[in-house]
Amino acid sequence: MNPYQVNGIGYFVRQQYNPERDCGRPILFIHGYPFDSSLWEPVFPFIPDSYRLIAPDLRGLGKTPLPESAAEESAAEEAVTMENFADDLAVLLDAMDVKEPLTLCGLSMGGYIAMRFAAKYPDRLAGMILSGTKTAADTAQIISNRQKQAAGLRSGTLTLKDVADLMLPQLLSPKTFSEKPKVAETVRTMIETNNPLGAAAAAAGMALRKDTADVVRNLTVPVQTFGGSDDKYVPPAEMNALAKKAKSGLFTEFLLSGHLPPMEQPETFANAVLLFVDSLFQAG
Ligand code: MLT
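What counts as what
Here, residues in each chain are numbered from 1, in the same order as that chain's written sequence. For this predicted model, a pLDDT threshold of at least 70 governs which residues receive local features, and a threshold of 80 or more governs which side-chain atom pairs are given and counted, while totals over whole chains, interfaces and linings are taken from all residues. The basis for every side-chain value is the complete set of non-hydrogen atoms in the structure, without hydrogens or water. Near residues are defined by distance, with any heavy atom within 4 Å of the molecule or strand qualifying the residue. Polar contacts, as used here, are pairs of N or O atoms within 3.5 Å; protein pairs need one atom able to donate a hydrogen and one able to accept it. Residues neighboring in sequence count only if both atoms are side-chain atoms. Where accessible areas are quoted, they stem from the Shrake-Rupley method and a 1.4 Å probe; at the residue level, only the protein chains shown are allowed to cover. Using a 1 Å grid laid over the protein atoms alone, points where a 1.4 Å probe fits but cannot get out form a cavity; open sets with protein on both sides within 12 Å along at least 5 of 7 lines form a pocket; any residue with an atom within 4 Å of a point counts as lining. Cavity and pocket membership follows a simple rule, namely that a molecule belongs there if more than half of its atoms are within 2 Å of the grid points. Gly counts as polar in this scheme, as do all residues outside two lists: the nonpolar Ala, Val, Leu, Ile, Met, Phe, Trp, Tyr, Cys and Pro, and the charged Asp, Glu, Lys and Arg. Only DSSP runs of H or I with at least four residues qualify as helices, and only runs of E with at least two residues qualify as strands; both kinds are numbered from the N terminus onward. Any carboxyl oxygen of Asp or Glu that lies within 4 Å of a side-chain nitrogen of Lys or Arg is treated as forming a salt bridge with it. Three labels apply to residues, based on accessible area from a 1.4 Å probe with only protein chains included: buried if under 20% of the type maximum, exposed if over 50%, partly exposed otherwise in between. Grid points are joined across faces, edges and corners, and a volume is the space filled by probe spheres set on the points. The contact criterion used is simple: two residues touch if any of their non-hydrogen atoms lie within 4.5 Å. Note on pairing: DSSP must find at least two bridges between two strands before they are called paired. By definition here, a helix of n residues has an expected span of 1.5 Å times n minus one. Here an angle of 0 to 180 degrees is reported between the N-to-C directions of two axes, which are lines fitted to C-alpha atoms, with helices fitted over the stretch in contact. With the far helix as reference, a near helix turned anticlockwise by less than a right angle produces a left-handed crossing, and one turned clockwise produces a right-handed crossing.

1. Some thoughts on the site of the ligand
Part 1 of the reasoning: With respect to spatial proximity, the complete set of residues near the ligand consists of G32, Y33, F35, S108, M109, Y112, R146, M206, Y233 and H259.
Part 2 of the reasoning: In the model, an oxygen atom of the ligand is placed 2.5 Å from a nitrogen or oxygen of the Y112 side chain.
Part 3 of the reasoning: Contact with the protein chains covers 93% of the free accessible surface of the ligand, which is 270 Å².
Part 4 of the reasoning: Cavity membership is defined here by more than half of the atoms lying within 2 Å of grid points; on that basis the ligand lies in the largest pocket.
Part 5 of the reasoning: Looking at side-chain class alone, the shell around the ligand contains six nonpolar, three polar and one charged residues.

Given below as structure tokens:
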């Protein structure tokens, strides 16, 4: 039970599950950076409890700690790679006894992790949802920015409040800021209350990413990509192009959403997820 023991770490998992109504269509939601599983909380009420919803706080983020060694100064340079996260998730699924074909739903960094998971554990998948993410590795400039951010968070010269100040204006659509100011507050709190060392490790891990375009091209399961029309991190045209790389890919745009449609438009997001997941099981 919560927390689940995963590679020596107590993994906190937000879940919705009614074993008596289980329709055998589990969905694993993977959050972005520097967020936690509460990113998905607004979506859950719009999905029936016959679906098994699994949304972990990734290692070092939210309520899931880093391994003890990484919290020590000697391990201050440690990065958590996208593959490390993916391996954690595979162990977590075993710990939760999830054996049915799985839909992954990854947002931004969660998408980077989902692609690594798909490369390593393809047999576990029924389908893949990628929201506001990309396959390209970082440019030299972005790598340098991430390394500076990680070093600043570790030394304390940069706080997660600074990161929130930097990111928040880019994260949400103007409509969300004006009509749902509470969402902006929730996102700010989610970032500011995160673990700076965990965020540093994830930032350093993102900088080590390799290109995953081939992973998407080689996927044998259907792929659904999502893009917010106002996403300043990944423009919707890129998500459309990503869907076209897949053998079976579909793109859906969320009008007037930014980078975080699960928080900005949770009902629309939930409906789009359900439409896709159900299509996976009707095809055969
Ligand atoms: C995220 O939302 O996960 C981040 O913006 C991803 C990134 O920094 O590449």
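Anyway, onward from the coordinates.
2. Focus on unusual backbone geometry
Part 1 of the reasoning: That bond from Y33 to P34 is cis: its omega, -10°, falls within 30 degrees of zero.
Part 2 of the reasoning: Secondary-structure assignment places P34 in the loop between β4 (27–30) and β5 (53–56).
Part 3 of the reasoning: In this structure, D97 takes a positive phi of about 60° despite not being glycine.
Part 4 of the reasoning: Residues other than glycine seldom take positive phi values, yet L256 does so here, at roughly 65°.
Part 5 of the reasoning: Residue placement: L256 occurs in the loop between β9 (249–254) and α11 (261–264).

3. A word on the pattern of salt bridges
Part 1 of the reasoning: With the rule as written, the count across this model stands at 15 salt bridges.
Part 2 of the reasoning: A salt bridge links E41 to R14; the nearest nitrogen and oxygen atoms lie 3.7 Å apart. Here E41, found in the loop between β4 and β5, pairs with R14, found in strand β3 (residues 13–16); they are 27 residues apart in sequence, far enough to count as distant.
Part 3 of the reasoning: On the basis of relative accessibility, which here comes to 18%, the residue R14 falls in the buried class.
Part 4 of the reasoning: Here the residues in one salt-bridge network are K161, D165, R188 and E192, joined through shared partners.

4. Remarks on the layout of surface pockets
Part 1 of the reasoning: Estimates place the volume of the largest pocket at around 460 Å³.
Part 2 of the reasoning: Lining the largest pocket are 19 residues, with Y33, R146, M167, M206 and Y233 sitting closest to its centre.
Part 3 of the reasoning: Contributing elements (two or more residues each) for the lining of the largest pocket: α3 (109–120), α4 (140–155), α5 (160–171) and α8 (196–207).
Part 4 of the reasoning: Counting residues per element, the lining of the largest pocket draws most heavily on α4, which supplies four residues.
Part 5 of the reasoning: For the lining of the largest pocket, the class distribution of residues is twelve nonpolar, five polar and two charged.
Part 6 of the reasoning: Computed from the structure, the second largest pocket encloses a volume of approximately 170 Å³.

5. Thoughts on the side chain of T133
Part 1 of the reasoning: As for its placement among the helices and strands, T133 is situated in the loop between β7 (125–131) and α4.
Part 2 of the reasoning: The class of T133 is buried, set by a relative accessible area of 1%.
Part 3 of the reasoning: Side-chain polar atoms of T133 contact the backbone oxygen of S108, separated by 2.9 Å.
Part 4 of the reasoning: Apart from the residues lying within four places of it in its own chain, the contact partners of T133 are S108, G111, Y112, M115, V234, M239 and L242.

6. Re the pairing of strand β8 (residues 223–228)
Part 1 of the reasoning: Within β8, six of the six residues are buried, which leaves the element mostly enclosed by the surrounding structure.
Part 2 of the reasoning: What you see with β8 is no split at all: V223, T225 and G227 on one side and Q224, F226 and G228 on the other are buried throughout.
Part 3 of the reasoning: Note that β7 and β8 share four bridges and pair parallel. Bridge pairing in β8 links S131 to F226.

7. What about helix α2 (residues 82–95)?
Part 1 of the reasoning: With 14 residues, α2 should cover 20 Å at 1.5 Å per step; its first-to-last C-alpha distance of 20 Å lies within 8% of that length.
Part 2 of the reasoning: Here α2 has its buried residues at M82, F85, A86, D88, L89, A90, L92 and L93.
Part 3 of the reasoning: Two residues or fewer after α2 comes D97, characterised by a positive phi angle close to 60°.

8. Notes on the packing of α5 against helix α7 (residues 181–192)
Part 1 of the reasoning: Where α5 meets α7, the closest approach of the two axes is 9 Å, and the angle between their N-to-C directions is 145°. Viewed along their axes, α5 and α7 form a crossing whose handedness is right-handed. Touching L160, K161, V163, A164, D165, L168 and L171 of α5 are A184, V187, R188, I191 and E192, all from α7.
Part 2 of the reasoning: Counted by class, the contact of α5 with α7 contains eight nonpolar, no polar and four charged residues.

9. Regarding the sheet that holds β7
Part 1 of the reasoning: Across the sheet, seven strands lie side by side as β3-β5-β4-β6-β7-β8-β9; this open sheet has mixed pairing. Taken across any chain shown, the strands that pair with only one partner, and hence form the sheet edges, are β3 and β9. Taken pair by pair, the neighbouring strands of this sheet meet at an average axis angle of 15°, ignoring direction.

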